[in-house]
Amino acid sequence: MLTLHGFAASNYYNIVKYALLYKELPFQENLIFAGSDELLRVSPVGKVPAITTDEGVTLSESSVICDFIEETYPAIPLYPESATERAAVRQIMKISELYFELPSRRLIPYVFSGTNAPDAVKEEVRQVLTRGITALNRLCQFSPWIAGEQFTMADIYVHYVNTIVNAFAATQLDWDVLAEIPGMKEWNDKMSQSDIAQKVEADRLANMPKFMQHVKAQIQAAQSK
Ligand SMILES: N[C@@H](CCC(=O)N[C@@H](CS)C(=O)NCC(=O)O)C(=O)O
């Protein structure tokens, strides 16, 4: 059986978890936080998520895992059939990761330590997000799904990217980033109502206290060095 390694408070973990649930694949979850030797054994850079396949192979990087799951278990598809349309789906995923998720993620340490990000960092984040907004405004269709008529991996990916944009960029920058893309908020709300999204969210909330304890311990360890 597939094993999904990581923790439910992670948005990247939840992308893969959602895809596995959507495809109705049996899998077990192995709770590991970042910074552990156990995680390094399954994820070469020590990041969540990672999976162990049925053959015992370990894989990391959410988009790589998404591709592997699709290619290995195509019965319930999450990508269109045509190569061009598949590339369009991956384009949305990649742009949301590079220009939405990663800049927003830069603000996480400030939120966790209860400090305000320096203006220069905020400005840099704002500029990258602005490029993301322009690109996603061109690419997202919301008709009714993000890449068109078919529900795809891009719907899952961007939904969990948006959790980071909302939780960190929107709060630190006092900027309703998603509102800059007409249709994004309505689509995002619709996404959060599915049974799978609700299960993933319930698991995330259940994992939060343990995760915050882990973050606190890491901050204390760093301060005592
Ligand atoms: N590019 C990676 C990013 C994964 C990632 O940043 N995961 C976070 C948890 S949400 C993590 O493991 N952070 C620990 C660290 O940066 O050391 C992916 O797509 O899987």
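Note: the structure precedes this text.
Criteria and thresholds
- Residues numbered from 1 in each chain as written.
- Predicted model: local features only at pLDDT ≥ 70, side-chain atom pairs only at ≥ 80, totals over all residues.
- Heavy atoms only, no water.
- Near = heavy atom within 4 Å.
- Polar contact = N/O pair within 3.5 Å; in protein donor to acceptor, adjacent residues only side chain to side chain.
- Areas by Shrake-Rupley, 256 points an atom, 1.4 Å probe, with all protein chains shown as cover.
- 1 Å grid on protein atoms, 1.4 Å probe; cavity = no way out; pocket = protein on both sides within 12 Å on 5 of 7 lines; lining within 4 Å.
- Sits in = over half its atoms within 2 Å of the grid points.
- Helix = DSSP H or I, 4+ residues; strand = E, 2+ residues; numbered from the N terminus.
- Nonpolar A, V, L, I, M, F, W, Y, C, P; charged D, E, K, R; others polar.
- Expected span 1.5 Å × (residues − 1).
- Bend = angle between axes of the 7 residues up to and from the residue.
- Contact = heavy atoms within 4.5 Å.
- Pairing = 2+ DSSP bridges.
- Axes fitted to C-alpha atoms, helices over the stretch in contact; angles between N-to-C directions.
- Points joined across faces, edges and corners; volume = space filled by probe spheres on them.
- Domains from an automatic or database assignment.
- Buried < 20%, exposed > 50% of the residue type's maximum accessible area, 1.4 Å probe, protein only.
- Right-handed = clockwise from strand over helix to strand, strands pointing away.

Asker: Tell me about the site of the ligand, and name the residues and values.
Answerer: In the vicinity of the ligand, the residues found are Phe7, Ser10, Asn11, Tyr12, Ala34, Lys47, Val48, Pro49, Glu61, Ser62, Glu97 and Arg105. Note that a nitrogen atom of the ligand is positioned 2.7 Å from one of the side-chain N or O atoms of glutamate 61. Here an oxygen atom of the ligand sits 2.6 Å away from a polar atom, N or O, in the side chain of serine 62. Burial of the ligand by the protein chains amounts to 78% of its free accessible area of 510 Å². Assessed atom by atom at 2 Å from the grid points, the ligand resides in the largest pocket. For the shell around the ligand, the secondary structure elements donating two or more residues are α1 (11-22) and α4 (83-105). Split into classes, the residues belonging to the shell around the ligand amount to five nonpolar, three polar and four charged.

Asker: Just give me the short version of α4, but keep the residues and values in it.
Answerer: Taking 1.5 Å of rise per residue, 23 residues should cover 33 Å, and α4 covers 31 Å from first to last C-alpha, within 8% of that figure. In α4, a bend of some 35° at glutamate 97 exceeds every other bend along the element. Against α1, α5 (108-112), α6 (119-139) and α7 (153-173) lie the buried residues of α4.

Asker: Requested: an account of the sheet that holds strand β3 (residues 50-52), with residues and values cited.
Answerer: The mixed open sheet is built from four strands, whose spatial order is β2-β1-β3-β4. The strands lining the two open edges of the sheet, one partner per strand, are β2 (27-31) and β4 (58-60). Between one strand axis and the next, the sheet turns by 25° as a mean value, whatever way the strands run. Here helix α3 (residues 62-72) sits on the sheet and contacts β3 and β4; the angle it forms with β4, its principal contact strand, is near 125°.

Asker: Report on the layout of surface pockets, specifying residues and quantitative values.
Answerer: Taken as a whole, the largest pocket holds about 1,200 Å³ of empty space. Ser10, Asn11, Arg105, Ile108 and Ile164 are, among the 44 residues lining the largest pocket, the residues nearest its centre. Mapped by element, the contributors of at least two residues to the lining of the largest pocket are α1, α4, α5, α7, α8 (184-192) and α9 (195-223). Of all the elements, α9 adds the most residues to the lining of the largest pocket, at 11 residues. For the lining of the largest pocket, the residue count by class is 21 nonpolar, 16 polar and seven charged. Composition of the lining of the largest pocket by domain shows at least three residues from each of domain 1 (2-77 + 195-223) and domain 2 (83-192).

Asker: Lay out the pairing of strand β1 (residues 2-6) in plain terms, naming residues and giving numbers.
Answerer: Burial of β1 is extensive: five of the five residues sit out of reach of the surface. Neither face of β1 is exposed, since Leu2, Leu4 and Gly6 on one face and Thr3 and His5 on the opposite face are all buried. Taken together, the five bridges between β1 and β2 define a ladder with parallel strand orientation. If you follow threonine 3 over to β2, its bridge partner there is glutamine 28. A crossover connection joins β1 to the parallel β2 through α1; in handedness this β-α-β unit is right-handed. When β1 meets β3, the two strands line up antiparallel, connected through three bridges. In the sheet register, threonine 3 faces β3, and the bridge partner there is threonine 52.

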